Amino acid sequence: MGQSLAVMAPQPTETVDTATPPPTAVELTGAIARIREYLEREKPATPCLVIDLATIRERYQQLAAAFDGAGLYYAVKANPAREVVRLLVELGARFDVASPPEIDLCLAEGARPEHISYGNTIKKRADIGYAYARGVRLFTTDSDTDLETIAEMAPGASVFCRIVLADTGSLTPFGHKFGCAPDLATRLLARAPELGLTPAGVSFHVGSQQLDPRAWDAAIEQAGEITAKLAAEGVELGMLNIGGGLPGNYTRPAPPLADFATAITASVERHFAAPPRLVLEPGRFLVSDAGLLRSEVVLVSRKSTVDDKRWVYLDVGRYNGLAETENEYITYLLATPRQENSGSEGETGPVYLAGPTCDGDDVLYQHNVYRLPMSLRPGDALDFLNTGAYTASYSSIAFNGFAPLPTHCI
Ligand SMILES: *Cc1c(COP(=O)(O)O)cnc(C)c1O
């Protein structure tokens, strides 16, 4: 008890809010302690992702308590490991999927089809038909054409309509790819009954890794307006789907869940005449802090005799697990196991961090400057903390021959 683990975050830059300085140590308890023990004992080949299932269980229970009565649809893409899906089935979770293979995965692990929502607004006709044949009855749409195809291939299904949001300040924004304007959403939801579909409600996504609890308010307000307008026309929407976005802990620590729950609950009360049944689609929040990615240093080098910055090349990069370092959106907390043991983590120097492939974009961090021990050398382990979300699922099959990131669940 009371043990702590020294962690490295990039030195403050304009992208890091100085009001919440990055942590320099984290408690060596819970997921990190259990995963470190597993790595010590099993010594699996690197790179690898280790997932602590107990943390996912805890997160799910916290979320269920914070949003009492809400439907929690796990966004499978965040971490599609079978053990993760199975655990969430056991806990009573529902599932947000984007493709037939994700439907198959959830059903194979025991999910009931009526607990699966096909949340992708971009679907082939045949895929909608496949989902329907497997018992899926809830879809999200944002266009006339998709709505008509759902009516044809999934007769009688329920539909959410996704609205597009102005910039919400998330660290990994969706841009304009998904959702439609409120007036079109209103029309699509009014059209649903004419096509034999049940309009479920408005949906949206405030952008992943959303650190501002107030970011949901404008979207909930728009959803409330759409819901009221349709009610006046005799079209009742029973639900509100507030999507994902709840954050994990990286360089900028996430505010407590209670802050989000309080703000969101207050927004819903303010903007809805009658309380809708709330639907959440948590991905990152449930799994990010349950994972630790262990990598190995391949090479430490300098580009000139005068450069003070070292290049540190790892056996993990953009293509085998760390895709979210694109644009350096996500800056993970790092730890250096050998230096912890030898007590030599004190002397540090600035580094650029890069992956192992022959691709010039396979650089993790060069604008965000981390400081790593001067004693770092090839063969040393480097741990990426809180990497349970959007790592293994983003890993390519064999770019340059590098295998996809394996996941070990404990
Ligand atoms: C990816 C995704 C989510 C999960 O988002 P997180 O930010 O990881 O919680 C939820 N809903 C939809 C439709 C998504 O595409």
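- For the protein, the name recorded in an unreviewed UniProt entry is ornithine decarboxylase, with Kutzneria buriramensis as its organism.
- Check the Sequence similarities (unreviewed entry) section of the UniProt entry for the protein; it says "Belongs to the Orn/Lys/Arg decarboxylase class-II family."

### So, the site of the ligand
And step 1. Taken together, 13 residues surround the ligand, and among them Lys-77, Ser-208, Glu-281, Arg-284 and Tyr-390 come closest.
And step 2. Here an oxygen atom of the ligand and a backbone polar atom of Gly-245 are 3.0 Å apart.
And step 3. Starting from 390 Å² of accessible surface for the ligand in isolation, the protein chains cover 93%.
And step 4. For the shell around the ligand, the residue count by class is 3 nonpolar, 5 polar and 5 charged.

### Topic: the domain arrangement of the protein
Often, the extent of an interface is quoted as the loss of accessible area on bringing the components together.
And step 1. Looking at the assigned domains, one finds that the protein contains domain 1 (4-51 + 288-409) and domain 2 (80-282).
And step 2. When each unit is reduced to the centre of its C-alpha atoms, the spacing between domain 1 and domain 2 is 33 Å.
And step 3. On the domain 2 side, the residues contacting the 24 residues of domain 1 number 15 residues.
And step 4. With both sides pooled, the region where domain 1 packs onto domain 2 buries about 1400 Å², and carbon together with sulfur makes up 62% of that total.
And step 5. For the pair domain 1 and domain 2, the number of links is 0 salt bridges.

### Examining the sheet that holds strand β11 (residues 277-280)
Paired through their backbone hydrogen bonds, the strands of a sheet run either parallel or antiparallel.
And step 1. One closed barrel holds the 8 strands; their spatial order is β4-β5-β6-β7-β8-β9-β10-β11, and the pairing between them is parallel. Adjacent strand axes in the sheet meet at a mean angle of 30°, parallel and antiparallel pairs treated alike.
And step 2. Here strand β4 (residues 71-75) runs beside β11; their pairing, made up of 2 bridges, is parallel. Of the residues in β11, the one forming a bridge with Gly-71 is Val-279.
And step 3. Along the sheet, helix α7 (residues 182-191) makes contact with β8 (158-162) and β9 (198-203), crossing β8 at roughly 170°.

### Quick word on the side chain of Lys-123
And step 1. Residue placement: Lys-123 occurs in the loop between β6 (116-118) and α5 (125-133).
And step 2. Given a relative accessible area of 13%, Lys-123 falls into the buried group.
And step 3. A distance of 2.7 Å separates a polar side-chain atom of Lys-123 from the backbone oxygen of Asn-120.
And step 4. Within the structure, Lys-123 has its side chain in polar contact with the side chain of Asp-146 (distance 2.9 Å).
And step 5. Once you skip the residues sitting within four places of it in the chain, Lys-123 turns out to touch Tyr-118, Ile-128, Phe-139, Thr-140, Asp-146 and Ile-150.

### Overview of the layout of surface pockets
And step 1. Here the largest pocket defines a volume of roughly 920 Å³.
And step 2. Around the largest pocket sit 39 residues that line it, and Lys-77, Phe-174, Phe-178, Tyr-390 and Tyr-394 are the ones nearest its centre.
And step 3. Looking at the lining of the largest pocket residue by residue, the classes come out as 15 nonpolar, 14 polar and 10 charged.
And step 4. There are two domains that each give the lining of the largest pocket at least three residues, and those are domain 1 (4-51 + 288-409) and domain 2 (80-282).
And step 5. Put simply, the second largest pocket is a space of about 450 Å³.

### Points about the packing of helix α6 (residues 144-153) against α7
And step 1. Where α6 contacts α7, the axes come no closer than 11 Å and their chain directions differ by 15°. With respect to α7, the axis of α6 lies roughly parallel. Considering only the axes of α6 and α7, their crossing is right-handed. Residues Asp-144, Leu-147 and Glu-148 of α6 form the contact with α7, whose own contacting residues are Leu-184, Arg-187, Leu-188 and Arg-191.
And step 2. Classifying every residue of the contact of α6 with α7 by side-chain character gives 3 nonpolar, no polar and 4 charged.

Definitions and limits used
Residues numbered from 1 in each chain as written. Predicted model: local features only at pLDDT ≥ 70, side-chain atom pairs only at ≥ 80, totals over all residues. Heavy atoms only, no water. UniProt positions renumbered as here; feature names shortened; annotations may be inferred. Near = heavy atom within 4 Å. Polar contact = N/O pair within 3.5 Å; in protein donor to acceptor, adjacent residues only side chain to side chain. Areas by Shrake-Rupley, 256 points an atom, 1.4 Å probe, with all protein chains shown as cover. Nonpolar A, V, L, I, M, F, W, Y, C, P; charged D, E, K, R; others polar. Domains from an automatic or database assignment. Contact = heavy atoms within 4.5 Å. Buried area = accessible area lost by both parts, 1.4 Å probe. Salt bridge = Lys/Arg side-chain N within 4 Å of Asp/Glu carboxyl O. Pairing = 2+ DSSP bridges. Helix = DSSP H or I, 4+ residues; strand = E, 2+ residues; numbered from the N terminus. Axes fitted to C-alpha atoms, helices over the stretch in contact; angles between N-to-C directions. Buried < 20%, exposed > 50% of the residue type's maximum accessible area, 1.4 Å probe, protein only. 1 Å grid on protein atoms, 1.4 Å probe; cavity = no way out; pocket = protein on both sides within 12 Å on 5 of 7 lines; lining within 4 Å. Points joined across faces, edges and corners; volume = space filled by probe spheres on them. Parallel < 35°, antiparallel > 145°, perpendicular 65-115°, else oblique. Left-handed = near helix turned anticlockwise from the far one by under 90°.

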